[in-house]
Amino acid sequence: MKHFDIAVIPGDGIGKEVVPPSLNVLNTIAELHGGLKFSFTEFPWSCEYYLEHGEMMPESGLETLKNFNAIFLGAVGNPEMVPDHISLWGLLIKIRRAFEQTINIRPAKYFKGLRSPLVNPKDFDLLVVRENSEGEYSEVGGRIHSGQDETAIQNAVFTRKGTERAMRYAFDLAKQRKNHVTSATKSNGIVHSMPFWDEVFRDVQKDYSDIGTASYHIDALAAAFVTKPEIFDVIVASNLFGDILTDIGGAIMGSIGIAPAANLNVNGKYPSMFEPVHGSAPDIVGKNIANPIGQIWTAKMMLDHFGEAELGQRLIDVIEEVTEDQYKTPDIGGKSTTNVVADEICSRLLKSEALSK
Ligand SMILES: NC(=O)c1ccc[n+]([C@@H]2O[C@H](COP(=O)([O-])OP(=O)(O)OC[C@H]3O[C@@H](n4cnc5c(N)ncnc54)[C@H](O)[C@@H]3O)[C@@H](O)[C@H]2O)c1
Ligand SMILES: O=C(O)C[C@@H](O)C(=O)O
Ligand SMILES: [K+]
Ligand SMILES: [Mn+2]
């Protein structure tokens, strides 16, 4: 029996609505498999927790999380309660950094049952490798003076190690896909970090002579995600560029409520963290209409991470089938609730087992 200990952090807003039904899906998967068991330990760390305790997670939180095989997280943030930079840096980004989750992979692909906002979406299937530990997300800088002289300085940090690591990861992934990597740059406007980014990309590229490459400035790349997403395979991007591109990835599929993410610890020292691309969606909270697919697809990425790619593939096939059969939340043009969609995924998974026996 394979046993996985999962730390569960539903977090805020719709995180609390999409995580529980996704755990049902994982339990269903375990049932299907027969030799697999998940143990879930839930932590209430969130903005509510902050208001009560003055911190997003206890001081011992990281020490506690360290012992799990993975972290399954919903979303963090409730700007009415806690400023976003406090909540994100106190929980989500804190975990990413402490656990050296330096790579964030975020796929987007054309789904049969979804109505993409693109007139002719074609059959796109892309994967963004987002550098997840440095770049524009940095604590270097500060604020000085006041009044008309008030000044804010925010420094970006690009190390050769971090940049090269993300790029090599992207090239290695491309080998298992369509052998192409696109670099997201902005070396026409950002004069230090981005020419450096381009140089590292050219250096890394030399070790992967079989992989085709392209380099786009981020503005043009954002446009190309909309006009011709089918030309992309793997895209490697800095922390901020990757963040923005992956909301576009979700949007061109039909909703950012569908897009999944994996924050990967690639040195094996700490657990990786699986969470959807979307946030806590305060505008739809409490209505049971949040799309659970992003969170459930995130569970598929966790299965892949555990070496259960076949089950992961079965799950994605069932998600697609359920969507095609119009079990859809309102963000993708349907009338179903969060739970109806997730329950349908569970029951189809069980049927798929019956068929294969
Ligand atoms: N990784 C994270 O935990 C994460 C990611 C993004 C934003 N946030 C936080 O979430 C809060 C809200 O941020 P935001 O509004 O910029 O982004 P958001 O992703 O929460 O919402 C953007 C829009 O997409 C919709 N949406 C998002 N997920 C959906 C789903 N599953 N089903 C249907 N519709 C969905 C929302 O209703 C909203 O209209 C902020 O506090 C922000 O900091 C957290
Ligand atoms: O900026 C972030 O990384 C938080 C959130 O927007 C995300 O994409 O995970
Ligand atoms: K999230
Ligand atoms: Mn984001």
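As recorded in an unreviewed UniProt entry, the protein chain goes by the name D-malate dehydrogenase (decarboxylating), listed as coming from Fictibacillus enclensis. In its Catalytic activity (unreviewed entry) section, the UniProt record describing the protein chain reads: "(R)-malate + NAD(+) = pyruvate + CO2 + NADH".

### Side note on the pattern of salt bridges
One pass over the structure, following the stated rule, counts 21 salt bridges. Between Arg168 and Asp207 there is a salt bridge, with its nearest N and O atoms 2.9 Å apart. Placement of the pair is Arg168 in helix α5 (residues 160–175) and Asp207 in the loop between α6 (193–205) and β9 (212–217), with a sequence separation of 39 residues. Across the pair Arg177 and Asp233 runs a salt bridge whose closest N-O atoms are separated by 2.8 Å. Separated by 56 residues along the polypeptide, Arg177 in the loop between α5 and β8 (180–185) and Asp233 in the loop between α7 (218–227) and β10 (234–237) bring together distant segments of the chain. Among the residues examined, Arg177 registers a relative accessible area of 26% and is labelled partly exposed. What you see here is one network of salt bridges that share partners, running through Glu321, Asp325, Glu344 and Arg348.

### Describing the UniProt feature "domain: Isopropylmalate dehydrogenase-like" (unreviewed entry) in the protein chain
As recorded in UniProt, the feature "domain: Isopropylmalate dehydrogenase-like" (unreviewed entry) lies at residues 5–345. Segment residues 5–345 splits into 40% helix and 20% strand. End C-alpha atoms: 23 Å apart.

### Concerning the sheet that holds β9
Read across the open sheet, the 10 strands follow the order β2-β1-β3-β12-β11-β4-β5-β10-β8-β9; overall the sheet is mixed. Across the chains shown, the open sheet's two edge strands, defined by having one partner strand only, are β2 (36–42) and β9. Across the sheet, the mean angle separating the axes of adjacent strands is 25 degrees when strand polarity is ignored. Two strands pair when backbone bridges link them, and strand β11 (residues 260–264) and strand β12 (residues 272–276) are joined in this way by four bridges, in the antiparallel orientation. Bridged to Ala261 within β12 is Glu275. Sheet strands touched by helix α4 (residues 84–98): β1 (2–11), β3 (70–75), β4 (103–109), β5 (125–131), β11 and β12. Its angle to β12, the strand with the most contacts, is close to 140 degrees. Across the sheet, α7 touches β5, β8, β9 and β10, and the angle it forms with β9 is around 110 degrees.

### Examining the coordination of the potassium ion (ligand 3)
Here the potassium ion (ligand 3) is held by Gly74 (O), Glu275 (OE), Pro276 (O) and His278 (O), and the distances to it run 2.7 to 2.8 Å. Read from N- to C-terminus, the donor residues coordinating the potassium ion (ligand 3) fall into the pattern G-x200-E-P-x1-H. Judged by its relative accessible area of 0%, Pro276 falls in the buried class.

### Observations regarding the packing of α7 against helix α8 (residues 239–253)
Relative orientation of the contacting elements α7 and α8 amounts to 15 degrees, with a least axis distance of 9 Å. With respect to α8, the axis of α7 lies roughly parallel. Pair α7 / α8 crosses with right-handed handedness. Where α7 abuts α8, its residues Ile218, Leu221, Ala222, Phe225 and Val226 lie against Phe241, Leu245, Ile248, Gly249 and Ile252. When the residues that make up the contact of α7 with α8 are grouped by side-chain class, the tally is nine nonpolar, one polar and no charged.

### A short note on the site of ligand 2
Neighbouring ligand 2 are the residues Leu88, Leu92, Arg96, Arg106, Arg130, Tyr137, Asp243, Glu275 and Val277. Tyr137 places a side-chain nitrogen or oxygen 2.5 Å from an oxygen atom of ligand 2. Note that an oxygen atom of ligand 2 is positioned 2.8 Å from one of the side-chain N or O atoms of Asp243. The protein chains hide 81% of the 260 Å² of surface that ligand 2 would expose on its own. Among the elements that take part in the shell around ligand 2, α4 stands out by supplying three residues, more than any other. Residue classes in the shell around ligand 2 are distributed as four nonpolar, no polar and five charged. Of the domains in this structure, domain 1 (1–101 + 275–357) and domain 2 (116–253) are the two that each give at least three residues to the shell around ligand 2.

Rules behind the numbers
- Residues numbered from 1 in each chain as written.
- Chains lettered and ligands numbered in written order.
- Predicted model: local features only at pLDDT ≥ 70, side-chain atom pairs only at ≥ 80, totals over all residues.
- Heavy atoms only, no water.
- UniProt positions renumbered as here; feature names shortened; annotations may be inferred.
- Salt bridge = Lys/Arg side-chain N within 4 Å of Asp/Glu carboxyl O.
- Helix = DSSP H or I, 4+ residues; strand = E, 2+ residues; numbered from the N terminus.
- Buried < 20%, exposed > 50% of the residue type's maximum accessible area, 1.4 Å probe, protein only.
- Pairing = 2+ DSSP bridges.
- Axes fitted to C-alpha atoms, helices over the stretch in contact; angles between N-to-C directions.
- Contact = heavy atoms within 4.5 Å.
- Donors = N, O, S within 2.8 Å, 3.2 Å for Na, K, Ca; no water.
- Parallel < 35°, antiparallel > 145°, perpendicular 65-115°, else oblique.
- Left-handed = near helix turned anticlockwise from the far one by under 90°.
- Nonpolar A, V, L, I, M, F, W, Y, C, P; charged D, E, K, R; others polar.
- Near = heavy atom within 4 Å.
- Polar contact = N/O pair within 3.5 Å; in protein donor to acceptor, adjacent residues only side chain to side chain.
- Areas by Shrake-Rupley, 256 points an atom, 1.4 Å probe, with all protein chains shown as cover.
- Domains from an automatic or database assignment.

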